[in-house]
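# Breakdown of the fold
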Amino acid sequence: ILDGKLIEDSKDWKYLLENNCADKERLESIIERGGWTAAVDFPASICWEQLMEIYPNAKVIHTERISPEKWWESASNSIMVAGKKPLLRLMVKFLPFWKAQYSLMGSLYVSLAKKRVDRSHPGWPSIYKNEFLEAYSANNDRVRELVPSDRLLIQDHGKGWILLAKFLGKDI
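The sections below set out a description of the structure shown in this document. Only a predicted model underlies this, so the values are computations on that prediction, with no experimental measurement involved.

### Topic: the overall build of the chain
- Within the chain, the regular secondary structure consists of 8 helices and 2 strands.
- Of the regular secondary structure in the chain, the N- to C-terminal order runs α-α-α-β-α-α-α-α-β-α.
- The C-alpha radius of gyration of the chain comes to 17 Å, within 12% of the 16 Å expected for a compact globule of 172 residues.
- Along the longest, intermediate and shortest principal axes, the C-alpha atoms of the chain span 45 × 40 × 30 Å.
- Buried residues in the chain amount to 34% of all 172 residues.
- The contacts of the chain with a sequence gap of at least 6 include a subset with a gap of at least 24, amounting to 62%.

The following block contains the structure:
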């Protein structure tokens, strides 16, 4: 954060989101310059198909809620409304990293809804519930369809870590 690297990464991720993750060289560059051997959740999860092409031996650990409604209940009461919290609004206003992250999250919502979104609307995020639920379900279906079974683990954290450790070839 202090040297601005994460701000630059946020800008690159925003570019990728706004361009359907099509720039594989830029995507690979983010991963390589960070020295990462794994990626967790957003924003990398949006580019999972391209990451599979770049890293053809990578394993995919995919988590799903019990139902799309359970996912909505969680997301709409946490990450989607975090920007309305006074402390975060101040951080976004005064701290470049948080400003970049807030902008990146906006790109995520546009990517999911497939249209412009208005996070300042009094009905946010509920006015986009159908679009977000559709995107969530479609992504889950696409993961199951495209990721070869030997590279895919549908992780259920409620079942513990044994399956994850086995899938990664690690001891627990």
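And the narrative resumes.
### Some details on the side chain of Asp12
- Of note, Asp12 is situated in helix α1 (residues 5-18).
- By relative accessible area, Asp12 is classed as buried at 11%.
- Excluding its chain neighbours within four sequence positions, the residues that come into contact with Asp12 are Arg26, Ile30 and Arg33.

### Looking at the side chain of Arg151
- Relative to the helices and strands, Arg151 resides in the loop between α7 (129-146) and β2 (152-155).
- Despite being buried, Arg151 has no salt bridge partner; Asp150 is the closest side chain of opposite charge, sitting 6.0 Å away.
- Separated by 3.4 Å, the side chain of Arg151 and the backbone oxygen of Tyr55 make a polar contact.
- Sequence-distant contacts of Arg151, that is, excluding residues within four places in its chain, are made with Met52, Tyr55, Pro56, Asn57, Ala58, Lys59, Val60 and Phe167.

### Notes on the packing of aromatic side chains
- A full pass over the atoms with the stated rule returns 9 aromatic pairs.
- Seen from their ring centres, Trp124 and Phe132 are 6.0 Å apart, and the 85° between their planes marks the pair as edge-to-face. Accessibility assignment for this pair places Trp124 and Phe132 in one class, buried.
- Following the ring pairs from residue to residue traces out a cluster consisting of Trp71, Trp72, Tyr109, Trp124, Tyr128, Phe132 and Tyr136.
- Across the ring face of Phe167, the terminal group of Lys59 is positioned such that the distance to the ring centre comes to 4.8 Å.
- Seen from the ring of Tyr102, Arg119 lies directly overhead, with NZ or CZ sitting 3.7 Å from the centre.

### A few points about the nonpolar core
- Among the nonpolar cores identified, the biggest contains 28 residues, and Trp13, Leu27, Trp71, Met80, Tyr109, Trp124 and Phe132 are the most heavily contacted of them.
- Listed by contribution, the elements that provide at least two residues to this core are α1, α2 (24-34), α3 (48-54), α4 (68-75), α6 (96-113) and α7.
- Excluding residues that lie within four positions of it along the chain, Trp124 makes contacts with Met80, Lys84, Tyr109, Val117, Asp118, Arg119 and Phe132.
- Of all hydrophobic cores here, the second largest spans 6 residues; its members include Val60, Val143, Val147 and Leu152.

### Here's the deal with the layout of surface pockets
- Taken as a whole, the second largest pocket spans an internal volume of roughly 230 Å³.
- Surrounding the second largest pocket, 16 residues form its lining, Asp9, Trp13, Trp36, Phe42 and Pro43 being those nearest its centre.
- At the level of secondary structure, the elements contributing two or more residues to the lining of the second largest pocket comprise α1 and α6.
- Ranked by the residues each element gives to the lining of the second largest pocket, the list is headed by α1, at 4 residues.
- Class assignment of the residues belonging to the lining of the second largest pocket gives a composition of 12 nonpolar, 2 polar and 2 charged.

### Overview of the packing of helix α5 (residues 86-94) against α6
- The interhelical angle for the contact between α5 and α6, taken along N-to-C directions, is 105°, at an axis separation of 5 Å. Judged on the interaxial angle alone, α6 and α5 are roughly perpendicular. Contacts from Leu88, Met91, Val92 and Phe94 in α5 reach Pro96, Trp98, Lys99 and Tyr102 in α6.
- Per-class residue counts for the contact of α5 with α6 are 7 nonpolar, no polar and 1 charged.

Analysis parameters
- Residues numbered from 1 in each chain as written.
- Predicted model: local features only at pLDDT ≥ 70, side-chain atom pairs only at ≥ 80, totals over all residues.
- Heavy atoms only, no water.
- Helix = DSSP H or I, 4+ residues; strand = E, 2+ residues; numbered from the N terminus.
- Rg over C-alpha atoms; globule rule 2.2 N^0.38 Å.
- Buried < 20%, exposed > 50% of the residue type's maximum accessible area, 1.4 Å probe, protein only.
- Contact = heavy atoms within 4.5 Å.
- Lys, Arg positive; Asp, Glu negative; His and termini not counted.
- Salt bridge = Lys/Arg side-chain N within 4 Å of Asp/Glu carboxyl O.
- Polar contact = N/O pair within 3.5 Å; in protein donor to acceptor, adjacent residues only side chain to side chain.
- Phe/Tyr/Trp six-rings, centres within 6.5 Å; stacked < 30°, edge-to-face > 60°.
- Lys NZ or Arg CZ within 6 Å of the ring centre and 35° of its normal.
- Core = buried A, V, L, I, M, F, W, Y, C linked by side-chain atoms within 4.5 Å.
- 1 Å grid on protein atoms, 1.4 Å probe; cavity = no way out; pocket = protein on both sides within 12 Å on 5 of 7 lines; lining within 4 Å.
- Points joined across faces, edges and corners; volume = space filled by probe spheres on them.
- Nonpolar A, V, L, I, M, F, W, Y, C, P; charged D, E, K, R; others polar.
- Axes fitted to C-alpha atoms, helices over the stretch in contact; angles between N-to-C directions.
- Parallel < 35°, antiparallel > 145°, perpendicular 65-115°, else oblique.

Scope: geometric values only; no functional claims are made or implied.
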